[in-house]
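Geometric and topological summary
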Amino acid sequence: MKRFMTGAALSLFLAGCTGGGPGSPAREFLAMYNDIDQKVTTVAAEASWKAATDVSEQHTGERIGASGAVAAFEGSRYVIDTTRALLAKPDALSDLERRQLNRILLNAAEAPGTIPEVVERRVQTEARAGAILDGFAFCMDERGGKCVKKTNPNEIDELLEKSRDMAARQKVWEVSKQTGPALKKSLAELRELRNRVATELGFSSYFHLQVAGYGMTVAEMMQLIDRSQQELRPLYGLLHTYAKKKLAARYGQPVPKAIPAHWLGNRWAQEWPGLVEAVNLDDLLKGRDAEWIVKQGERFYVSLGMAPLPKSFWGKSDLYQLPADSKRMKNTHASAWHIDADKDVRSLMSVTPNFRWFETSHHELGHVYYFMSYSRPSVPHVLRGGMNRAFHEAVGDLIGIAARQLPYLREAGLLAADRKVDQTQWLLSQALDNAVVFLPFSAGTMSHFEHDLYEKNLPQDQFNKRWWELVEQHQGVLPPSPRGEEFCDACTKTHIIDDAAQYYDYALAFLIKYQLHDYIAKKILKQDPHECNYYGNKEVGKWLGEILSLGATRDWRQVIREKTGEDISSRALLEYFQPVREYLEKENAR
Ligand code: X8Z
Ligand code: ZN
């Protein structure tokens, strides 16, 4: 079933909203846009939520119908022409009005009404690719063309983190790549459609359109992420050497030049958990269930003076792993949803009780608290987003850093007060399993792949070749065996399919979160950033709330300077991990 509001129906609908009434033309237009957009995007978000939490033909059809209506409104010629005409007279606009109009034009560029058939195909292809990804059944064992043993991403991750059996590791790593061939054709189609919509309003590619959300050019973005990665290179090199020696010893293999991907505890080698034996984070959560994990995340935010999550969050979210015999299929990658851009906030996760989900729960609740902070009358609907997307990604991870601090873990009863912890090993495990090693993946492999995919129109018969060139160049990792073009290993990363051309958000978020942490520890708590405790500190909550409640009403560069005294940089991240660098320089030389 498909409901699609056509361009013609839309102009009649809009005709009633224009002209007359009090206020400036900009004010009137913005009031109309914000009101209608809030309504249509709410319907679309609800339909997308259903499609992602209960994959079916019907829900995919409903998502297509509702997203089509948003596209028809946001990309209508009327909206584009009016926005451009208003922006052409900048003196008549306040800063807030100009910001809203710029955002509206970026929304329009996602679905320009001048090429409705391309927009319609895009809406459909996005939804169908989403359904392939969300409804995918991973198969561990096949007999006679039939799957006799299914598996799921939580099980795959668990095996990659814990198994010491090399053959089993290689097998499960290969299983984790099964979505690739199923999605390769969709990615090629999506690239074409995304680029066609973006170029219609003058962007060089879809990558350029996404980067424009930061007020940056593609060259500026690539320079920023390349420079950050470069600055981290020496430390990454030390971690890489440490990891390959450690793993070679663990698996009884010679030390390789590049690390085989299936040796590491993550499907994309984006984090390397389980390398530091002295630190077993899952042990900290022994005896806790999945509900406790999400609740503990909420307790952290509440302790900073933020409101408890609304009842509807608990009623409407879909937080836990489905039972093995469930007929329902849902997206298994964690996400947070702001359904009505107001009070209806939700999260979709598959929490099982382990440290990875503990951190991920903090991450998702960071998005949710960000939604709640800027949902207030002085932030217009269209500016209810992060200061930039990276800030949105940084908040929950910042609380994730706070939740790894030893004084907090002791206070929360997760770590016995008398348990001795080696600080350097603790920090080393943090560098490996969610900090430093993430940059070569996010700023390197992912961002360069998507750059080449969209900006350089990377040919479809080179998707896998290019992917593995980048993995080797940036991460120093190799596949267990040759991966030809029958695979699409990039397609196995959720964001390539459903959060396209935005992965540098996470790279920048990693820089920003250490900058925020550094400021909070030194200037507000007056504690060592390696051993501090935010829990219960209302001043920290207030300072953070001042950033969150702005939404996208201010320029992010100005705010980061005002709040931390510096521009975005890798300074704080490097300083935080300096003890690891000193330790590994000695350790690796042994
Ligand atoms: O996708 C996420 C979040 C949801 S926004 C769970 N992250 C990236 C990933 O999993 O690849 C968090 C860090 C990196
Ligand atoms: Zn996130």
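For the structure, check the block above.
Residues numbered from 1 in each chain as written. Chains lettered and ligands numbered in written order. Predicted model: local features only at pLDDT ≥ 70, side-chain atom pairs only at ≥ 80, totals over all residues. Heavy atoms only, no water.

Overview of the coordination of the zinc ion (ligand 2)
Metal coordination angles in their ideal form are 109.5 degrees for the four-donor tetrahedron and 90 or 180 degrees for the six-donor octahedron. Summarising the metal site, the zinc ion (ligand 2) is bound by the protein donors His363 (NE2), His367 (NE2) and Glu393 (OE), whose distances to it range over 2.0 to 2.1 Å. Classification of the site at the zinc ion (ligand 2) as tetrahedral follows from its four donor atoms and the range of 93 to 129 degrees in their angles at the metal. Counting gaps between the donor residues of the zinc ion (ligand 2) yields the pattern H-x3-H-x25-E. Residue histidine 363 is located in helix H15 (residues 355-374), and its partner glutamate 393 is located in helix H16 (residues 389-402); the two are separated by 30 residues in the primary sequence. (Donors = N, O, S within 2.8 Å, 3.2 Å for Na, K, Ca; no water. Tetrahedral: all angles 85-135°; square planar, octahedral: opposite > 155°, others 65-115°. Helix = DSSP H or I, 4+ residues; strand = E, 2+ residues; numbered from the N terminus.)

Focus: the packing of helix H7 (residues 153-162) against helix H8 (residues 166-175)
Remark: H7 packs on H8, axes separated minimally by 10 Å, with the N-to-C direction vectors making an angle of 150 degrees. Here H7 runs over H8; the crossing is left-handed. In contact with Ile156, Leu159 and Leu160 of H7, H8 contributes Arg169, Val172, Trp173 and Val175. Across the contact of H7 with H8, the residue classes break down as six nonpolar, no polar and one charged. (Axes fitted to C-alpha atoms, helices over the stretch in contact; angles between N-to-C directions. Left-handed = near helix turned anticlockwise from the far one by under 90°. Contact = heavy atoms within 4.5 Å. Nonpolar A, V, L, I, M, F, W, Y, C, P; charged D, E, K, R; others polar.)

Section: the site of ligand 1
In the vicinity of ligand 1, the contacting residues are Gln270, His333, Ala334, His363, Glu364, His367, Glu393, Phe438, Lys493, His495, Tyr503 and Tyr506. Separating an oxygen atom of ligand 1 from a side-chain N or O atom of lysine 493 is a distance of 2.8 Å. In this structure, an oxygen atom belonging to ligand 1 sits 2.5 Å away from a side-chain N or O atom of tyrosine 503. Notes on ligand 1: free accessible area 370 Å², of which the protein chains cover 84%. (Near = heavy atom within 4 Å. Polar contact = N/O pair within 3.5 Å; in protein donor to acceptor, adjacent residues only side chain to side chain. Areas by Shrake-Rupley, 256 points an atom, 1.4 Å probe, with all protein chains shown as cover.)

A short note on the side chain of histidine 474
Residue position: histidine 474 is located in helix H20 (residues 463-475). Look at histidine 474 and you get buried, because its relative accessible area is 7%. Residues within four places of histidine 474 in sequence aside, it is in contact with Gln229, Arg233, Tyr236, Pro440, Gly444, Thr445 and His448. (Buried < 20%, exposed > 50% of the residue type's maximum accessible area, 1.4 Å probe, protein only.)

From the geometry alone we can't say anything about function, so treat these as descriptive.
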